[in-house]
Amino acid sequence: MVFQPPASEASLLGCATVLGHPLPADLMALLRESDGIEGEYGAGLIWSTERIASENHTLRRDAELAALCMPFDPLLFFADAGNGDLFALLPGLRRPDVFAWNHEDDSRTWVAPSLATHLEWWLTGRIAL
C-alpha cells in the first residue's frame, strides 16, 4: 500500500464545498492521516480529497447516468473496486455503513458497518465484487 501525505485543511474544506456537505468524521480523520491510499496495481483503496470531489461532482451531474441510474446525491463515493464498481458512504443519513455501487446494474449493496471495517474486509478478501 502507498499512503499519501496528509490532506490539508484547505483541501478538506474544498472537497466539502464541492460536495455541498461536510465529509463524514471517520473519512475526514483518515484523510487527515493520508490524502489517499493506493493498493496493489494503483487501486484506489481511499481516494484523495481532490478525486473524491471530482468523481462525486461528475457522477452527480452526468445527464446520461441520471437517465439510467437512481440518484447519486445520497452517496459519497470514496474508493473504487478496480472493476468499475465504487464504494460509498451515506453522509446524509449519518450512518457509518459502506455500500458498493454496481456500475452494470445500478444496485447499491451493503458491504461493511464502517469505513475501518470496510478497509479490513476489502484487504482480507471478505468483500468480493
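Reference entry: report on the structure contained in this document.

Rules of the game
- Residues numbered from 1 in each chain as written.
- Predicted model: local features only at pLDDT ≥ 70, side-chain atom pairs only at ≥ 80, totals over all residues.
- Heavy atoms only, no water.
- Core = buried A, V, L, I, M, F, W, Y, C linked by side-chain atoms within 4.5 Å.
- Buried < 20%, exposed > 50% of the residue type's maximum accessible area, 1.4 Å probe, protein only.
- Helix = DSSP H or I, 4+ residues; strand = E, 2+ residues; numbered from the N terminus.
- Contact = heavy atoms within 4.5 Å.
- Arc of directions from axis to C-beta.
- Pairing = 2+ DSSP bridges.

**Observations regarding the nonpolar core**
(1) Moving on: Within the largest apolar cluster, 40 residues are counted, with the highest numbers of intra-cluster contacts made by L23, L27, I46, I52, F77, F78 and F87.
(2) Moving on: Ranked by the residues each element gives to this core, the list is headed by strand β5 (residues 86-90), at five residues.
(3) Moving on: Discounting residues that sit within four places of it in the chain, L23 has contacts with L12, C15, A16, M28, L31 and L76.

**Notes on helix α1 (residues 9-19)**
(1) Moving on: Among the residues of α1, L12, C15, A16 and L19 are the ones counted as buried. End-on, the buried residues of α1 take up no more than an arc of 95°, which puts them together on one face. In α1, those exposed residues whose orientation departs by more than 90 degrees from the buried face are A10, L13 and T17.
(2) Moving on: The inward-facing, buried residues of α1 abut α2 (25-33), α3 (49-61) and β4 (76-80).
(3) Moving on: Looking one or two residues beyond α1, the residue adopting positive phi is G20, at roughly 85°.

**Thoughts on the sheet that holds strand β3 (residues 44-46)**
(1) Moving on: Here we have three strands laid out as an open sheet, ordered β1-β2-β3, and antiparallel in their pairing. Looking at strand neighbours, the two that pair on one side only are β1 (2-3) and β3, the edges of this open sheet.
(2) Moving on: In terms of strand pairing, strand β2 (residues 37-38) meets β3 through two bridges, oriented antiparallel. Across the sheet, the residue bridging to E38 is G44, located in β3.

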